[in-house]
Every structure is written in C-alpha cells, then in structure tokens.
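Fold and geometry: a report
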Amino acid sequence: MTVPVWAAAGLWGLLAGAALLIGAALGFAVRVPRGLVAAVMAFGAGVLISALAFELMDEAYRQAGFAPVLIGFSVGALAYTGATMALARRGAHHRKRSGDHQPSEKDQPGSGTAIAVGALLDGIPESIAIGLSMVGGHGVSMAAVAAIFLSNLPEGLSSSAGMKRAGRSGRFVFGMWTAIALASGVASLVGYTVFRGFPPEVMAGTTAVAAGGILAMLASTMMPEAYEEGGGMVGLVTAAGFLAAFFLSMLDRR
C-alpha cells in the first residue's frame, strides 16, 4: 500500500519530533554526563547548520533567487529572536539547559507554560522545512530529517533533565514533548499541503524563514549550552556534525 505524499510528509515530521520524546526519556530516567550531552548537542548543531545551508537556503535560492531568500531569512531570524526574548522574560531563557538554570513554577509562576511555548517555537520551523522539502516531487530530504532528528535528541535530553531538576513532573515533561512531536507532524503536513500551491517565490521565502529561525535558535540556545557544558572541544564536534551532514546532502543529490 502506497502512503499518500501528504501523509508521508506528516509522518516524516512526526518521526523527527519523536526524537524529543526519546531524549526526554533518557534525560528523565538516566543521569547522562553533561559532557556527553554537550557533545551530542554540538554535533546536532553542526548537522543543522549544514542542513539549513545546503538543503534549505541553497534550494530556496535555486527556486526564486536572492530577494525572497533575503527577506524570508531576515524575517525568520527577527521573528524567532523577538519571540524568544519575550519568552525569556517569562522564564524560558534556559529551556534547553540540563543543569540548575531553569526556574521552578514556584520561583517564577508561568515559567512552565513559557518553556512549553518556547519548545514549540523551536520545533515548528524545522518541521515546516521537512514538508517543504517534499513539494518538488523528489521525496523527502533525508539530510534535513536526519539533521532535525539528531538535533532534537539532545534537546529533549538536556531540557528534560533541567525540568526534572526544577521539580517539574514527568506528566508535564512527557505531555509537553508528546504534544510538540504531534505538532511537528502537523507542521510538516502543513508545509507540504498548504505551500505546494503557492508560487516559487512564496515557497522559497517560507523555506528561508524556517532557515533564519533555525539559525537564530542555534545561536541563542543550543550552541551556548554546548559550549558551557563541553568547553572548547565542542567546536571540533560541531565541525564533525557539519561534515557528516554535508556528505549526506551530497549523497541525497546523486
């Protein structure tokens, strides 16, 4: 039985989002060394940087040229930065941290909701990008799916460990990540079904919006956490992640 393309788009997004649940289970059940978390997070950051450069920005430029890419990327970066700064004031600044940085609900009422909204904000651009990668009829970009899966795994692990330390219940943590994994599937489905009927300029601009949001997320959350916990070696691990995703992207094109 052949799965319809729209359903496949949703399933690929759900698969990438499921890595958050796997990471959360590890973060809640096992005390993973912070250095290992930092290394996995750095590798995932390198993979994502490569994917947004070679899978998202390059494809968007090929579709519509420089202007839509410039506008979309700038909008994505500005929108993500503005939203994450607003959420930071409500207690979500350290939502990816595994240590004692996250506030408890007692320390800062409403911080749990802010963390959940922030985690959703982190995941939606990535998932839309998965759906958009299928619009051309060439199938899903495996490099993009692998990159997002690999970045979601340490995100779920690190963030959930921090939530546990802040006194948040397993019901809250797993309920949040389950909802975001489902939302990831829906966002990927929307990325394919809604935007496939739009002109190339709109699709390219939307892809660039996702890329801008992802890069802003990496710079403001994942990379600072990786460096703080892993030190200077995370630069080498990030480079390894970039190189691995680069080769995967090149294989995807052959």
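Residues numbered from 1 in each chain as written. Predicted model: local features only at pLDDT ≥ 70, side-chain atom pairs only at ≥ 80, totals over all residues. Heavy atoms only, no water.

**Focus: the packing of aromatic side chains**
Counted by the stated rule, this structure contains four aromatic pairs. When the centroid spacing of 5.8 Å and the interplanar angle of 40 degrees are considered together, the rings of Phe195 and Phe198 count as tilted. The buried category is assigned to Phe195, whose relative accessible area is 17%. For Phe198, a relative accessible area of 38% translates into the label partly exposed. Members of the aromatic cluster, joined through ring pairs, are Phe54, Phe242, Phe246 and Phe247. (Phe/Tyr/Trp six-rings, centres within 6.5 Å; stacked < 30°, edge-to-face > 60°. Buried < 20%, exposed > 50% of the residue type's maximum accessible area, 1.4 Å probe, protein only.)

**Quick look at helix H7 (residues 200-230)**
Look at H7: 41 Å from first C-alpha to last across 31 residues, which is about the 45 Å you get at 1.5 Å a residue. At the C-terminal side of H7, Gly231 shows a positive phi close to 75 degrees. (Helix = DSSP H or I, 4+ residues; strand = E, 2+ residues; numbered from the N terminus. Expected span 1.5 Å × (residues − 1).)

**Notes on the environment of Ile124**
Residue placement: Ile124 occurs in helix H4 (residues 111-132). Note: C-alpha distance between Ile124 and Ser188 (64 residues apart in sequence) is 8.3 Å. In this view, Ile124 contacts Ala183 and Ala187; residues no more than four positions away in its chain are not counted. (Contact = heavy atoms within 4.5 Å.)

**Some remarks on the nonpolar core**
Among the nonpolar cores identified, the biggest contains 39 residues, and Leu48 and Leu218 are the most heavily contacted of them. Mapped by element, the contributors of at least two residues to this core are helix H1 (5-29), helix H2 (34-64), helix H3 (66-92), H4, helix H5 (142-165), H7 and helix H8 (234-252). With 11 residues, the single largest contributor to this core is H7. Not counting chain neighbours up to four residues away, the residues in contact with Leu48 comprise Glu126, Ala147, Ile148, Ser151, Ile214, Met217 and Leu218. Phe28, Met163, Val173 and Met176 belong to the second largest nonpolar core, which has nine residues in total. (Core = buried A, V, L, I, M, F, W, Y, C linked by side-chain atoms within 4.5 Å.)

**So, the environment of Leu132**
Within the fold, Leu132 resides in helix H4. As for Leu132 and Ala210, which are separated by 78 residues in sequence, their C-alpha atoms are 10.0 Å apart. Leu132 has contacts with Gly191, Tyr192, Phe195, Met203, Thr206 and Thr207, leaving out every residue within four places of it along the chain.

**Let's talk about the UniProt feature "transmembrane region" (unreviewed entry) in the protein chain**
As annotated by UniProt and renumbered to match this structure, "transmembrane region" (unreviewed entry) occupies residues 6-29, 36-54, 66-88, 128-152, 172-195, 202-220 and 232-251. The annotated region residues 36-54 carries 100% helix and 0% strand content, and the separation between its end C-alpha atoms amounts to 27 Å. With 100% helix and 0% strand, the stretch residues 202-220 has end C-alpha atoms that lie 27 Å from each other. (UniProt positions renumbered as here; feature names shortened; annotations may be inferred.)

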